[in-house]
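# An overview of the molecular structure
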Amino acid sequence: MDGFSSDFSAGGSGGKVDTGTIMEQVKVQIAVANAQELLQRMTDKCFKKCIGKPGSTLDNSEQKCIAMCMDRYMDAWNAVSRTYNSRLQKERARM
């Protein structure tokens with residue numbers, strides 16, 4: 001059996017697929033994938049910027065650099081995300 005049948009048919013609807021539930025599950029999966037991608041990109045960029053010689057521990061300056069880099073990355077991502085969402089809402093309002 002595929003892994004989807006139990007997730008989508010278990011609602012007492014006689015085996016009918018609830019498209020609202022499916023859409024919500026897809027939205028959650030997309031949000032998780034986006035968060036994972038954001039974390040991976042932030043880690044890659046900040047590691048390359050802040051870690052000169054990888055070792056078993058981070059020195060104080062590397063720790064500060066990583067923290068500041070991640071803060072700046074998140075601030076920039078949030079600003080872009082807010083602007084993008086605002087533009088989407090404006091476009092939807094025009095339709």
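Here, residues in each chain are numbered from 1, in the same order as that chain's written sequence. With the structure being a predicted model, the display of local features is reserved for residues of pLDDT at least 70 and the display and counting of side-chain atom pairs for 80 or more, all residues being used for whole-chain, interface and lining totals. Think of the side-chain values as coming from all heavy atoms in the structure, minus any hydrogens and water.

The next point concerns the packing of helix H2 (residues 19–50) against helix H3 (residues 60–94). Axis definition: a line fitted to C-alpha atoms, limited for helices to the stretch in contact. Angles are taken between N-to-C directions and run from 0 to 180 degrees. Secondary structure elements follow DSSP: runs of H or I no shorter than four residues count as helices, runs of E no shorter than two count as strands, and numbering proceeds from the N terminus. Close contact between H2 and H3 brings their axes to 9 Å; oriented N to C, the two are set at 140°. Accordingly, the angle class assigned to the pair H2 and H3 is oblique. Considering the relative orientation of H2 and H3, their crossing is right-handed. Contacts between H2 and H3 involve Leu 38, Arg 41, Met 42, Lys 45, Cys 46, Phe 47, Lys 49 and Cys 50 from the former and Glu 62, Cys 65, Ile 66, Cys 69, Met 70, Arg 72, Tyr 73, Met 74 and Trp 77 from the latter. Of the residues in the contact of H2 with H3, the class split is 12 nonpolar, no polar and 5 charged. In these notes the angle categories are as follows: under 35 degrees is roughly parallel, over 145 is roughly antiparallel, 65 to 115 is roughly perpendicular, and the rest is oblique. Each crossing gets its handedness from the near helix: less than a right angle anticlockwise from the far helix is left-handed, clockwise is right-handed. In what follows, residue pairs with any heavy atoms lying within 4.5 Å of each other are defined as contacts. Polar here means any residue other than Ala, Val, Leu, Ile, Met, Phe, Trp, Tyr, Cys and Pro, which are nonpolar, and Asp, Glu, Lys and Arg, which are charged; Gly is therefore polar.

On to the confidence of the model for the chain. This prediction gives the chain a mean pLDDT of 87; 84% of its residues lie at or above 70. What pLDDT expresses is the predictor's confidence in each residue, scored from 0 to 100. For the chain, per-element mean pLDDT is lowest for helix H1 (residues 5–9), which scores 47, and highest for H3, which scores 95. Note on residues 5–11: pLDDT is under 50 here. Beyond four places in sequence and across chains, it has 7 contacts.

To continue, consider the side chain of Glu 62. As for its position among the elements, Glu 62 is in helix H3. When a residue's accessible area, from a 1.4 Å probe over protein chains only, is under 20% of the maximum for its type it is buried; when over 50% it is exposed; and in between it is partly exposed. When charges are counted, neither His nor the chain ends are considered; positive counts come from Lys and Arg and negative counts from Asp and Glu. Just to be clear on terms, a salt bridge is a Lys or Arg side-chain nitrogen sitting within 4 Å of an Asp or Glu carboxyl oxygen. Nearest to the buried, unbridged Glu 62 among oppositely charged side chains is Lys 53, at 9.3 Å. Excluding its chain neighbours within four sequence positions, the residues that come into contact with Glu 62 are Cys 50, Ile 51, Gly 52, Lys 53 and Thr 57.

For the structure shown, the criterion picks out 3 salt bridges. In this structure, the salt-bridge partner of Glu 24 is Lys 27, at a minimum N-O distance of 3.8 Å. Of the two residues, Glu 24 and Lys 27 both sit in helix H2, 3 residues apart, roughly one turn of that helix. By relative accessible area, Glu 24 is classed as partly exposed at 46%. Glu 91 is the partner of Arg 94 in a salt bridge, and the nearest nitrogen-oxygen pair spans 3.0 Å. Placement of both Arg 94 and Glu 91 in helix H3 is noted, with a separation of 3 residues, approximately one turn of the helix. Overall, Arg 94 belongs to the exposed group, its relative accessible area being 65%. With a relative accessible area of 41%, Glu 91 lands in the partly exposed category.

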